[in-house]
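The primary structure of each chain is shown beneath.
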Amino acid sequence: MSQMHKNANITIDGPRLNEDIAFTSRFGATPRGGIRRLALSAEDRLVRDWLAAQGAALGCSLTVDTMGNQFLRLEGSDPTLPPLMMGSHLDTQPTGGRYDGIYGVLGGLAVLRALRAAGYVPRHSIELANWTNEEGARFAPAMTASGVFSGVFTLEKAYGLTDRDGVSLGDALLAIGYKGDEPCGAHPLAAYFELHIEQGPVLENEGKIIGVVTGVQGMRWFDVTLIGQEAHAGTTPMELRRDALLAAARLMVMAAEVAAAHGPDAKTTIGIIDASPGSRNVVPGEVRMTLDLRHPDDAVIDAMESDFRAQAAAIAGEAGIELSIEESWGSPSVPFDPACVNMVRDAAQKAGLSHRDIISGAGHDAAYMARICPTAMIFIPCRDGLSHNEAEYAAPDDIVAGANVLMRAIMAADEHFDAA
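All of these numbers come straight from a predicted model, not from anything done at the bench.

Chemist: Residues and numbers for the confidence of the model for the chain, please.
Modeler: With 98% of its residues at a pLDDT of 70 or more, the chain has an overall mean of 96. Contacts from residues 1–5, a stretch scored under 50 in pLDDT, to residues over four places away or in other chains number 11 contacts.

Have a look at this one:
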């Protein structure tokens, strides 16, 4: 009889998992109950140190790679098998919540604790990953370290990324003491599972506890620059102005119209606008703005990009504005591994938890991991679909349910995967 069946009654320590979520929210706590824990900040170092201490208490080994990714490892019985990995991230948005990413790391920690407490020795070693700079809030693009790990970005490119103060990611890694020795990506894996809040309203609206994530929608980021001419606000007639900010406003409205033209799954977002020179009595001469395009079908994103570029060129030309649109990052739509997805679905069914298949609308480290190993994700509902928000909230019972599904999926994967 396999150990999986002998230990079928193993469950997560729910109270401790929820206590961990409350405790780690202290690292970077905001007055409104959220977290500001930007990647490689002092607050990030503190929560990393805490995670390392938790792993040490469980007897897990810790590896830190050259991108600062942390890997806590519970040893399996067969050293010839590559490890199974769970993971997510501990960095947050500037006004982030307690659950985005954090839940996946702490849920994975709860799995390691449950297996250790039950004396369950898996065939594969089981690892928990904390990925560096998933959010992209301090260093763009997002999912930087899992991108290096999966070969999408070079280590040199990642180290050269800078924040708004001109600090490089490489220097920030050194500053908090998390530039490790293992080359990023030199780490074989059997499979990867990521637990996360949905960050949208679908599960809550349908009364489902578990989202069986079948893939991630495609997304592209662009840097848009409009250059007009600075001029005196009191002496320059409206018809003679080359107002870069007015043209940018027209692009913003047009971007929303592009989304509407491509159906309910299309999304466009302009999240940052910087206008120069930033004086109330000077016509803005330059605007830099961001554009985010998303859709589950890459062909539709192609069409959205084409439409935006054509209409933006027309708007800029009419206004006498010089226009530049440069793609800064892109992630194609990603289908997850059918066998891993089935393990998640089966775990939810056997636990008697309501569930549905779902596509992830947000980017996750799992999207890059799927390029190099079998991958799946598990979602739980979040209140009002809110995320990237200090009011982010997930119900304690749902938190425990999701972690139990993660554990059962990992146990199934331990039986399923053999050495390549």
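Chemist: Lay out the packing of aromatic side chains in plain terms, naming residues and giving numbers.
Modeler: The final tally for this structure, using the stated rule, is 9 aromatic pairs. The interplanar angle of 50° and the centroid separation of 5.9 Å between the aromatic rings of Phe-71 and Phe-149 together place this pair among those described as tilted. Of this pair, Phe-71 sits in strand β2 (residues 70–74) while Phe-149 sits in helix α5 (residues 144–149), and the two are 78 residues apart along the sequence. Here a set of aromatic residues connected by ring pairs shows up, and it is made of Phe-71, Trp-131, Phe-149 and Tyr-192. Just above the ring of Tyr-178 sits the side chain of Arg-48; from NZ or CZ to the centre is 5.0 Å.

Chemist: For the state of the cysteines, give the residues involved together with the corresponding values.
Modeler: Counting across every chain of the model gives 0 disulfides. Take Cys-184: it sits in no disulfide, and the sulfur closest to it among the cysteines is that of Cys-373, at 13 Å. Judged by its relative accessible area of 15%, Cys-184 falls in the buried class. Just so you know, Cys-340 is unpaired, no disulfide at all, and the nearest cysteine sulfur is the one on Cys-373, 7.7 Å from it. In this structure Cys-340 comes out as buried when scored by relative accessible area, which is 0%.

Chemist: Outline the pattern of salt bridges, listing residues and values.
Modeler: Throughout the structure, instances matching the rule amount to 16 salt bridges. We note a salt bridge from Asp-44 to Arg-48, for which the minimum N-O separation is 3.2 Å. Remark: Arg-48 and Asp-44 occur in helix α3 (residues 42–57); sequence separation between them is 4 residues, near one turn of the helix. For Arg-48, a relative accessible area of 1% puts it in the buried group. Notably, a salt bridge pairs Asp-346 with Lys-350, separated by 3.1 Å at the nearest N-O pair. Here Lys-350 and Asp-346 lie together in helix α11 (residues 338–350), a separation of 4 residues that amounts to about one turn. Several salt bridges share partner residues, and in doing so they unite Arg-220, Asp-302, Glu-305 and Arg-309 into one network.

Chemist: I'd like to hear about the pairing of β2, residue by residue, with values.
Modeler: Buried residues dominate β2, accounting for 4 of its 5 residues. For strand β1 (residues 61–64) and β2, the ladder comprises 4 bridges, and the chain directions are antiparallel. Each bridged residue has a counterpart across the sheet, and for Leu-62 the counterpart in β2 is Leu-72. In sequence, β1 turns back onto β2 through a hairpin of 5 residues, with Gly-68 there showing a positive phi of about 80°. By the bridge criterion, 5 bridges tie β2 to strand β4 (residues 126–130) in an arrangement that is antiparallel. When the bridges of β4 are listed, Leu-72 appears paired with Leu-128.

Chemist: Residues and numbers for the packing of helix α2 (residues 14–24) against α3, please.
Modeler: Viewed as axis vectors pointing N to C, α2 and α3 meet at an angle of 155°, and their least axial separation amounts to 11 Å. With respect to their mutual orientation, α2 and α3 come out roughly antiparallel. Relative to α3, α2 is oriented so that their crossing is right-handed. Residues Arg-16, Asp-20, Phe-23 and Thr-24 of α2 pack against Val-47, Trp-50 and Gln-54 of α3. Split into classes, the residues belonging to the contact of α2 with α3 amount to 3 nonpolar, 2 polar and 2 charged.

Chemist: Tell me what's going on with the nonpolar core, and back it up with residues and numbers.
Modeler: Membership of the largest hydrophobic core comes to 103 residues, with the highest contact counts inside it found for Leu-112, Leu-115 and Phe-193. Considering every element that reaches this core, the biggest residue donor is helix α13 (residues 396–416), with 11 residues. When residues no more than four places from it in sequence are discounted, the contact partners of Leu-115 are Ile-10, Leu-74, Tyr-120, Ile-126, Met-407 and Met-411.

Chemist: Describe a nonpolar patch on the surface, with residues and values.
Modeler: Together, Leu-245, Met-252 and Ile-273 make up an exposed nonpolar region whose accessible area comes to about 210 Å². Positionally, Met-252 belongs in helix α9 (residues 244–261). When its relative accessible area of 34% is taken as the criterion, Met-252 is described as partly exposed.

Chemist: I'd like a description of the packing of α11 against α13, backed by residues and values.
Modeler: At a minimum axis separation of 8 Å, α11 and α13 run at an interaxial angle of 130°. Judged by the angle between their axes, α11 and α13 are oblique. Helix-helix and strand crossings are classified by hand; for α11 and α13 the assignment is right-handed. Only Val-405, Arg-408, Ala-409, Ala-412, Ala-413 and His-416 of α13 make contact with α11, whose side of the interface consists of Ala-339, Met-343, Val-344, Ala-347 and Ala-348. For the contact of α11 with α13, the per-class residue count stands at 9 nonpolar, 1 polar and 1 charged.

Chemist: Describe the side chain of Glu-392, listing the residues and the values that go with them.
Modeler: Tracing the chain through its elements places Glu-392 in the loop between β16 (375–380) and α13. Nearest to the buried, unbridged Glu-392 among oppositely charged side chains is Arg-98, at 8.5 Å. At a separation of 2.9 Å, a polar atom in the side chain of Glu-392 contacts the main-chain amide nitrogen of Tyr-99. A polar side-chain atom of Glu-392 sits 3.3 Å from the main-chain amide nitrogen of His-388. Not counting residues within four places of it along the chain, the set of residues in contact with Glu-392 comprises Gly-97, Arg-98, Tyr-99, Asp-100, Ile-197, Leu-386 and Ser-387.

Rules used in this analysis
- Residues numbered from 1 in each chain as written.
- Predicted model: local features only at pLDDT ≥ 70, side-chain atom pairs only at ≥ 80, totals over all residues.
- Heavy atoms only, no water.
- pLDDT = per-residue confidence, 0-100.
- Contact = heavy atoms within 4.5 Å.
- Phe/Tyr/Trp six-rings, centres within 6.5 Å; stacked < 30°, edge-to-face > 60°.
- Helix = DSSP H or I, 4+ residues; strand = E, 2+ residues; numbered from the N terminus.
- Lys NZ or Arg CZ within 6 Å of the ring centre and 35° of its normal.
- Disulfide = S-S within 2.5 Å.
- Buried < 20%, exposed > 50% of the residue type's maximum accessible area, 1.4 Å probe, protein only.
- Salt bridge = Lys/Arg side-chain N within 4 Å of Asp/Glu carboxyl O.
- Pairing = 2+ DSSP bridges.
- Axes fitted to C-alpha atoms, helices over the stretch in contact; angles between N-to-C directions.
- Parallel < 35°, antiparallel > 145°, perpendicular 65-115°, else oblique.
- Left-handed = near helix turned anticlockwise from the far one by under 90°.
- Nonpolar A, V, L, I, M, F, W, Y, C, P; charged D, E, K, R; others polar.
- Core = buried A, V, L, I, M, F, W, Y, C linked by side-chain atoms within 4.5 Å.
- Patch = residues over 30% accessible without salt bridge, like charges linked within 9 Å, V, L, I, M, F, W, Y side chains within 5 Å.
- Areas by Shrake-Rupley, 256 points an atom, 1.4 Å probe, with all protein chains shown as cover.
- Lys, Arg positive; Asp, Glu negative; His and termini not counted.
- Polar contact = N/O pair within 3.5 Å; in protein donor to acceptor, adjacent residues only side chain to side chain.

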